[in-house]
Amino acid sequence: MVFLTRKSEFSASHYYHNPDFTPEENRRVFGKCSNLNGHGHNYTLEVTVKGDVDPKTGFVIDLKELKDILNREVLDALDHRHLNKEVPEFALQIPTTENIAIAIWQRLQPKLNVARLHRVRLYEMPDLFVDYYGE
Amino acid sequence: MKAYLTRRYRIAASHRLHNDEFSAERNRETYGKCNNPHGHGHNYGIEVTVSGEVNRQTGMVCNLGDLDECVNREIVERFDHENLNDTPEFAGIVPTTENLAEVVFNILKRSFTAAHLEKVRIEETANNSFEYAGGADALRTR
């Protein structure tokens with residue numbers, strides 16, 4: 001079993017707001033992130049897949065295929081977007097780093113067949129990241 | 001759905017690796033330059049990983065402000081710009097980064113209860129890092 005990690009970056013805007021909360025609760029729980037005009041981040045995404053090395057190619061997965069899936073399923077949908085307004089998963093869910101990592105997993109997992117998805121690691125900034133293993 | 005959240009903090013501190021039970025030669029042999037009598041310092045990077053179910057109402061494992069407040073109060077204010085050897089936490093304990101990781105983990109385990117503490121990872125320099133995720137081993141002097 002070998003693990004392969006591909007790193008990519010995207011930039012997006014978002015805000016945190018729960019319509020079930022009062023304005024005071026939203027401000028208390030989400031702080032500056034509750035500003036409804038939104039703000040943005042440069043996200044760094046690390047996708048790790050795992051599998052046996054194909055003896056003919058020496059690959060766990062064809063990196064070109066992984067890049068194509070990542071671009072099509074994740075980066076095209078998230079890069080330079082407003083997550084709350086343009087990404088369907090976040091019409092009802094708050095686009096926290098946790099929920100974005102889960103949404104990325106759910107987008108990628110069904111599209112991978114040669115290698116299996118092991119981990120999605122999403123950095124919102126260099127000092128903050130979330131790992132999701134599909135648990 | 002369970003997610004793992006990691007937040008990075010920084011402290012600058014000095015230390016000297018020295019065991020009173022060792023002879024001067026054995027201290028030098030064991031700790032090398034780190035045994036120099038007046039100590040030396042590092043910029044430590046401390047990564048704290050917590051885990052838990054993502055709360056449906058907030059989309060979060062835990063409130064980042066609560067984690068920051070706790071780690072800043074319990075770790076950063078306690079150790080930043082200090083000589084680790086002089087802090088009560090290292091009385092009788094050699095302040096290696098292994099031991100610092102254990103000390104930080106044990107303090108946070110007691111003081112942060114809003115999510116499960118998974119792991120503490122400390123970078124002493126860009127080339128050396130140490131992880132502690134709890135365990136049965138008691139803290140000991142080396």
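Our subject is the structure that appears above.
Residues numbered from 1 in each chain as written. Chains lettered and ligands numbered in written order. Predicted model: local features only at pLDDT ≥ 70, side-chain atom pairs only at ≥ 80, totals over all residues.

1. Regarding the packing of helix 2 (residues 63-78) of chain A against helix 4 (residues 97-108) of chain A
All names here are of chain A.
Link 1 in the chain: Look at helix 2 against helix 4: their axes get within 9 Å of each other, and the N-to-C directions meet at 125 degrees. Classified by the angle their axes make, helix 2 and helix 4 are oblique. Between helix 2 and helix 4 the crossing geometry is right-handed. Between helix 2 and helix 4, the contacting residues are Ile69, Glu73 and Val74 on the first element and Ile104, Arg107 and Leu108 on the second. (Axes fitted to C-alpha atoms, helices over the stretch in contact; angles between N-to-C directions. Helix = DSSP H or I, 4+ residues; strand = E, 2+ residues; numbered from the N terminus. Parallel < 35°, antiparallel > 145°, perpendicular 65-115°, else oblique. Left-handed = near helix turned anticlockwise from the far one by under 90°. Contact = placed C-beta atoms within 7 Å.)

2. Some words on the environment of glutamate 24 of chain A
Residues and elements named next belong to chain A.
Link 1 in the chain: Examined against the element boundaries, glutamate 24 turns out to sit in helix 1 (residues 23-30).
Link 2 in the chain: The class for glutamate 24 is exposed, based on 8 C-beta atoms found within 10 Å.
Link 3 in the chain: For the pair glutamate 24 and serine 13, spaced 11 residues apart in the sequence, the C-alpha separation amounts to 22 Å. (Buried ≥ 20, exposed ≤ 12 C-beta atoms within 10 Å, placed from the backbone.)

3. Structural notes on the interface of chain A and chain B
Link 1 in the chain: The partner chain B presents 16 residues to the 18 residues of chain A that form the contact.
Link 2 in the chain: At the level of elements, helix 4 and strand 5 (128-132) of chain A are the ones that each hand at least two residues to the side of chain A that touches chain B.
Link 3 in the chain: When the residues that make up the side of chain A that touches chain B are grouped by side-chain class, the tally is 8 nonpolar, 5 polar and 5 charged.
Link 4 in the chain: In this sheet, strand 1 (residues 2-15) of chain B lies alongside strand 5 of chain A in antiparallel orientation, the contact comprising 5 bridges. Residue pairing for strand 1 of chain B: tyrosine 132 of chain A is matched across the bridge by alanine 3 of chain B. (Nonpolar A, V, L, I, M, F, W, Y, C, P; charged D, E, K, R; others polar. Pairing = 2+ DSSP bridges.)

4. Describing the packing of helix 2 (residues 64-79) of chain B against helix 3 (residues 97-111) of chain B
Residues and elements named next belong to chain B.
Link 1 in the chain: For the pair helix 2 and helix 3, the least separation of the axes is 10 Å and the interaxial angle reads 135 degrees. Taken as axis vectors, helix 2 and helix 3 run oblique relative to one another. The hand of the helix 2/helix 3 crossing is right-handed. Of helix 3, the residues touching helix 2 (which contributes Cys70, Val71, Glu74 and Ile75) are Val104, Ile107, Leu108 and Ser111.
Link 2 in the chain: Considered class by class, the residues forming the contact of helix 2 with helix 3 number 6 nonpolar, 1 polar and 1 charged.

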